[in-house]
Amino acid sequence: MQTLPLTVRRSIEIIGLAVFFWFIVVAADILSPIVLAFFLTILMYPLFKWLTKKKLPEMVAIIIVLVVLLAGMAAVVWFISTNITRLIEDFSTLKANVTLHLERLSSWISSKTNYSTERQLQLINQQSEKLVNFAGGYVGGIFSSLTALLIFFGLVPIYIFLLLFYRNLLLRFVFLWYKEHEHERVKETVKEMQGIIKSYLGGLLIQIAYITILLGGILMLFGIKHALLIGVLFAFLNLIPYIGALIGNVIGVLLTLSSSDHLSPILTVLIAIAAVQFLDNNILMPKIVGSKVRINALTSIVAVIAGGALAGISGMFLSLPVIAVLKIIFDRSNHLKQWGVLFGDERPPRSPFTWPRYRKASPVVQDEIKEESGIEVKKGGT
């Protein structure tokens, strides 16, 4: 590979990456549950290892891991479904509050513009038929999505079982791709990937817990209805970088608006969400995850949008862990280091145009840039 001209090597790299991403696009429905199962397997592996150290048979340990995982997922689904049931039971109140808010909005529009209430009602009636047709198609889409979701989460436990059962076979498969003198570096890469995934996913679970408790508790103190539901939904949506927090704010406002005939609770919800998010972004999350996952904002946004386009909500949640794993692989590859730099958040303090030093790919320069970016550097280089 090194004997080929530079332009040929770069062309091969780009073609290879293009084929890789094309394969992901084509096989997104197949890969999504496998990728989720892979991350959950790594997250639950310490429990499996602890159980096997206690002399439990391997099959029993795998079953216990699956039971614990499914129990946690069932608890979340039960909580959300219970709260949604309460929302449905309060439908008459919700309808009255929504009608009141719409009347106030209509009066405000009439007072500020020449658009009378009658013309507003006429416009609403004109759009009603379109809305009904859209709703019919949307309901059909929801049922197909629910079916796909059931299949998705039905496959994940099976994949987790098989990944744990065949873990040694899969590791042997990985090592056989490389020459013996490269095995130590492969081992280090696998361990680093495992550590980062465990740290990242474990941090996300802790993040979900404290955001739910903080936000839900604050809103309950102020007497906001459906406070815990808002807390849980925002905690999960906040896992989707940048986009999730915006959606969480909108849902929180809509739930509050529909459950109260006053506008002041909306301000309370927005201030509480802003305060919790500031605390999460600047104090709590950096201490929990630290500097283990450093993906720049541009890559994060593109990854989230691409993940959503490929695999919906699950793709959005999985986008950053996948990019983090790819960055580890690229950083440790002699031929793909530049892609690791593109994904990372290690910004050179000066322009490579005027400082030729920052054009070099040496580990010393990379460590210097990491230190300037506030990222912990391993002694001896990486």
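Quick notes on the rules
- Residues numbered from 1 in each chain as written.
- Predicted model: local features only at pLDDT ≥ 70, side-chain atom pairs only at ≥ 80, totals over all residues.
- Heavy atoms only, no water.
- Phe/Tyr/Trp six-rings, centres within 6.5 Å; stacked < 30°, edge-to-face > 60°.
- Helix = DSSP H or I, 4+ residues; strand = E, 2+ residues; numbered from the N terminus.
- Buried < 20%, exposed > 50% of the residue type's maximum accessible area, 1.4 Å probe, protein only.
- Salt bridge = Lys/Arg side-chain N within 4 Å of Asp/Glu carboxyl O.
- Core = buried A, V, L, I, M, F, W, Y, C linked by side-chain atoms within 4.5 Å.
- Contact = heavy atoms within 4.5 Å.
- pLDDT = per-residue confidence, 0-100.

## Focus on the packing of aromatic side chains
Piece 1. Under the counting rule described, the total for this entry stands at six aromatic pairs.
Piece 2. Here F38 and F39 contribute two aromatic rings whose centre-to-centre distance is 5.5 Å and whose plane-to-plane angle is 55 degrees, an arrangement assigned as tilted.
Piece 3. Relative to F48, the ring of Y45 has its centre 5.8 Å away and its plane inclined at 40 degrees; by these criteria the two rings are tilted. Taken together, the residues span about one helical turn, with Y45 and F48 both in helix α2 (residues 28-53) at a distance of three residues.
Piece 4. Residue classification places Y45 among the partly exposed positions, given a relative accessible area of 24%.
Piece 5. The exposure class assigned to F48 is buried, which follows from its relative accessible area of 1%.
Piece 6. Connected via pairs of aromatic rings, a cluster forms that spans F161, F165 and Y166.

## A short note on the pattern of salt bridges
Side-chain pairing between opposite charges can occur once the charged atoms of the two side chains come close.
Piece 1. The tally for this structure, following the rule as stated, stands at three salt bridges.
Piece 2. The residue R167 makes a salt bridge to E58 at a minimum N-O spacing of 3.0 Å. In this pair, R167 sits in helix α6 (residues 167-175) while E58 sits in helix α3 (residues 58-89), placing the two residues 109 residues apart along the sequence.
Piece 3. E58 sits in the partly exposed class, given a relative accessible area of 30%.
Piece 4. Among the ionic pairs, E182 bridges to R185, the shortest N-O distance being 3.9 Å.
Piece 5. On the basis of relative accessibility, which here comes to 23%, the residue E182 falls in the partly exposed class.

## Digging into the nonpolar core
One recurring pattern in soluble globular proteins is that nonpolar side chains are buried together.
Piece 1. Counting 53 residues, the largest nonpolar core has L40, I160, L201, L215 and L219 as the members making the most contacts within it.
Piece 2. Looking at this core, the elements that each hand over two or more residues are α2, α3, α5 (117-165), α7 (183-221), α8 (227-237), α9 (243-259), α10 (264-289) and α11 (297-331).
Piece 3. Take this core: its biggest share by element is 11 residues, from α7.
Piece 4. Residues in contact with L215, not counting those within four places in the same chain, are I230, G231, F234, A272, I273 and V276.

## Remarks on the confidence of the model for the chain
Piece 1. On average, residues of the chain score 77 in pLDDT, and 75% of them reach the 70 mark or higher.
Piece 2. Here α5 is the element of the chain with the lowest mean pLDDT, 62, and α6 is the one with the highest, 91.

## What to know about unusual backbone geometry
Piece 1. Despite not being glycine, K55 shows a phi value in the positive range, around 70 degrees.
Piece 2. Its place among the elements puts K55 in the loop between α2 and α3.
Piece 3. K55 sits in the exposed class, given a relative accessible area of 74%.

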